[in-house]
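Working through the structure, step by step
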Amino acid sequence: MSKAWIFDFDGTLVHSEAAITQCFQRITQKLAPHRLDIAKHVLIGPPLRQTVGEILGDQGHPLIDEFVSAFIEMHDDDVLNHTTPYPSAHETLTRLYNQGQKMAIATNKRLAPTIKILQHFSWEQFFLMVKCSDSEAVIRDKHQMIQAIQKQDSDFKNAYFVGDTVGDGLSANSSNTPFVKASYGYGKKQDWSGVAIHKNINNLDELLFL
């Protein structure tokens, strides 16, 4: 039976934590060194501006725009050197694609680096849609991205959402989409008590037997 899949990106398909946290720490050291410990332990996954606001301690902090611009320049220039696929990611995506299963991406990562990485790994043909926080003129949250995918192709109304953070799980739950938790990702230390989880996986190839 054919299935459909919506994937988160960072922490689910690719391991990119080192590149992202390094950028956060280097910029924090320059702009707000007293917040460096926060930058070292910040969760990877939420939208960039939200994370920067958390690092600086205020979502309205006057340095947010400068921090975001510095992050984009630093991160996007070196992203391919510090981003790797999770074990079996390429093989799993290839098999799902060859089986005719529809796949899409919904990620808080910005569109430019997401496309850059997809092209680098030759993954762009696998996904019918790639929805990012900045894909449209108005910034969208993950729940809105999932809804946009389902509206564009009704087959995704019966999709599984695969993600690694509580935010991913809650977005899937609010969209009435079964949530598959990538237990190897970045949400290990989060409180999952409020999330309905359809299945936990420790490796992406477990999706082939779902």
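Note: the structure precedes this text.
The structure presented is a predicted model; accordingly, all values stated were derived computationally and were not measured.

1. Quick notes on the pairing of strand β6 (residues 160-163)
Residues Y160 and V162 line one face of β6 and the alternating positions F161 and G163 line the opposite face, and both faces are buried. Pairing analysis gives three bridges linking strand β1 (residues 4-7) to β6, with the strands arranged parallel. The residue bridging W5 from the neighbouring strand is Y160, located in β6. With three bridges connecting them, β6 and strand β7 (residues 179-182) associate as parallel partners. Directly across from G163, in β7, lies its bridge partner K181. Regarding topology, helix α8 (residues 166-174) serves as the crossover connection from β6 to the parallel β7, and that connection is right-handed.

2. A look at unusual backbone geometry
Within the chain, S88 stands out as a residue other than glycine whose phi angle is a positive 70°. Here N176, not a glycine, exhibits a phi torsion of approximately 55°, which is positive. Mapping N176 onto the fold places it in the loop between α8 and β7. With relative accessibility at 69%, the residue N176 sits in the exposed group.

3. Points about the packing of helix α3 (residues 48-56) against helix α4 (residues 64-78)
Following both chains from N to C, one finds α3 and α4 inclined at 120°, their axes separated by 10 Å at the closest point. When the axis of α3 is compared with that of α4, the two are oblique. Here the hand of the crossing between α3 and α4 comes out right-handed. Of the residues in α4, those in contact with L48, R49, V52, G53, I55 and L56 of α3 are I64, D65, F67, V68, F71 and I72. The residue inventory of the contact of α3 with α4, partitioned by class, reads nine nonpolar, one polar and two charged.

Reading the values: the criteria
- Residues numbered from 1 in each chain as written.
- Predicted model: local features only at pLDDT ≥ 70, side-chain atom pairs only at ≥ 80, totals over all residues.
- Heavy atoms only, no water.
- Buried < 20%, exposed > 50% of the residue type's maximum accessible area, 1.4 Å probe, protein only.
- Helix = DSSP H or I, 4+ residues; strand = E, 2+ residues; numbered from the N terminus.
- Pairing = 2+ DSSP bridges.
- Right-handed = clockwise from strand over helix to strand, strands pointing away.
- Axes fitted to C-alpha atoms, helices over the stretch in contact; angles between N-to-C directions.
- Parallel < 35°, antiparallel > 145°, perpendicular 65-115°, else oblique.
- Left-handed = near helix turned anticlockwise from the far one by under 90°.
- Contact = heavy atoms within 4.5 Å.
- Nonpolar A, V, L, I, M, F, W, Y, C, P; charged D, E, K, R; others polar.

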